[in-house]
Amino acid sequence: MNKFETLDDYIDWIYDLGPRNESRTLRNIQALMNRLDNPQDKIKVIHVAGTNGKGSTCNFIYGVLSRKFKCGIFLSPYMGLMTESMKINGQAISPQAFMAYIDYLRPIVEDLKAKGHHITYFEAQTALMYKYFYDQGVDVAVVEVGLGGLNDATNVVSSPLASLIVTIALDHVGILGSSLEEIAEKKAGIIKAGRPVFVYPQEPKLMEIFEKVAREKNSPLYSFSKDEVKVEEMNEDYNQFAFRTYPSVKTRLIGVHQLYNASLAISFLDSFKEYFGLTKDDIVQGIYSSSNPGRLELISKNPRVLVDGSHNAEAIAAMKESLKVFSYKKLIVGFSTLKDKDYAYTIREMSQIADLMIITSVDNPVRAFTMEELKTEVLKYRDQLYVEADKKKAYQLSKTLAEEGDLVLWCGSLYLVRDIRELEINKEN
């Protein structure tokens, strides 16, 4: 077995395990967790699924609980290195610990492969996360589903403290299904016997699916109406709203959709406030302290640069609505997207609101457009376009084009947003 030396070597090993290439089941991840003595069932897990809003909802809950407890959070996708996907009270797993866990997992993964259990990169990452959180003695862990729910690797947990389901929209249709009902059935897979589930307001036909599964599992189901969320103020710096017995709640996550995500988090936290010994003030302060990198995040103030990872129709619509709280003269949009997304809708919507538009590349050889292909698609909807394959040059161009009062927005792909954030963070280097 080759000896790894750098963090990149270890991360490359995980990625080289590849995505799932068989029918999606929990068979292989369960075999791996059995070898690790099932750490996922020895910690308290709050499990969060849905199409859009998972990361924000996770961060709201984490923002509250990490103030008083040793709280882990697992996010997929994540910003930065893979080590950033798992944190405890604001600290990502150290490179040294990450590498030590890979050294521990490698021979087990290789042995399982020889016995007919091919472990994917996300299964290995998930196993590492659960083992790390257990070894670190977290009081509770907030875990975001990677894809779907029913057969997602994170769903190897048998009895979470609670499950939460956010919005349902068409995404990953080749894997999850081509209708909202099919997708909802996959998300409902995280509802576990006797454990409560908290559900974001849904269309009646989708809520019926969740209610049916909850009845079958004898799981209490809690939801709310959007009418219960009262908008009090919205601006570039924060949103303020009232929800049930919580007046004047502020969040720095911008957009009306974030008020509903925060309300879902509050719904859960309020139900468990005695369990965790939380006051209403703990909840309100935690909601305000929460952040979610890469979601309408202001990464530069001069010029103003926003990044947003929205990449499906529902999320793009929410982002467009959220942009209304920002004042600007011109909107300069930096953009790229992947072939397996609803790219025609995204390109059309972003073309309509952009005064100037720049397209660039995404580091994903299998799923990315060539620059010529993307240029052809964008020019169907607009005449003006800057084309720059080099992301660093494209980002610099967007800032150069921005005059006083303008706003730059980079969006269309989380891979792209991750890279743009890194360019801004490391610009001095």
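Residues numbered from 1 in each chain as written. Predicted model: local features only at pLDDT ≥ 70, side-chain atom pairs only at ≥ 80, totals over all residues. Heavy atoms only, no water.

Chemist: Explain the sheet that holds strand β15 (residues 356-359) here, please?
Modeler: Neighbouring strands of a sheet are bound in pairs by backbone hydrogen bonds; such pairs are parallel or else antiparallel. Read from one edge of the open sheet, six strands run β12-β13-β17-β14-β15-β16, paired in mixed fashion. Only two strands of the sheet have a single neighbouring strand rather than two, namely β12 (297-301) and β16 (386-387). Bridge analysis of strand β14 (residues 331-335) against strand β17 (residues 407-411) gives five bridges, and the strand direction is parallel. By the bridge assignment, isoleucine 332 is partnered in β17 with valine 408. Strands in contact with helix α13 (residues 343-353) are β14, β15 and β17; relative to β14, the strand with the most contacts, it is inclined by about 155°. (Pairing = 2+ DSSP bridges. Helix = DSSP H or I, 4+ residues; strand = E, 2+ residues; numbered from the N terminus. Contact = heavy atoms within 4.5 Å. Axes fitted to C-alpha atoms, helices over the stretch in contact; angles between N-to-C directions.)

Chemist: Mind showing me how you'd approach helix α8 (residues 204-216) here?
Modeler: Working note: α-helix, 3.6 residues per turn, so residues spaced by three or four point in the same direction. Compared with an ideal rise of 1.5 Å per residue, which puts 13 residues at 18 Å, α8 spans 18 Å between its outermost C-alpha atoms and is within 8% of the ideal. Residues of α8 that are buried: Leu206, Met207, Ile209, Phe210, Val213 and Ala214. Taken down its axis, α8 places every buried residue within 150° of arc, on the same side. The exposed set on the far side of α8, more than 90 degrees from its buried face, consists of Pro204, Glu208, Arg215 and Glu216. Where α8 is buried, its residues meet β6 (162-165), α7 (180-187), β7 (197-199) and β8 (221-222). Of the residues flanking the end of α8, it is asparagine 218, one or two places downstream, whose phi is positive at about 55°. (Expected span 1.5 Å × (residues − 1). Buried < 20%, exposed > 50% of the residue type's maximum accessible area, 1.4 Å probe, protein only. Arc of directions from axis to C-beta.)

Chemist: Would you mind showing me how to read the pattern of salt bridges here?
Modeler: A side chain with one charge can pair with a side chain of the opposite charge if their charged atoms come near. Scanning the model with the defined rule gives 24 salt bridges in all. The partner of glutamate 203 in a salt bridge is lysine 205, with the nearest N and O atoms 3.9 Å apart. Lysine 205 sits in the partly exposed class, given a relative accessible area of 38%. Through salt bridges with shared partners, a single network forms among Arg35, Asp111 and Lys115. (Salt bridge = Lys/Arg side-chain N within 4 Å of Asp/Glu carboxyl O.)

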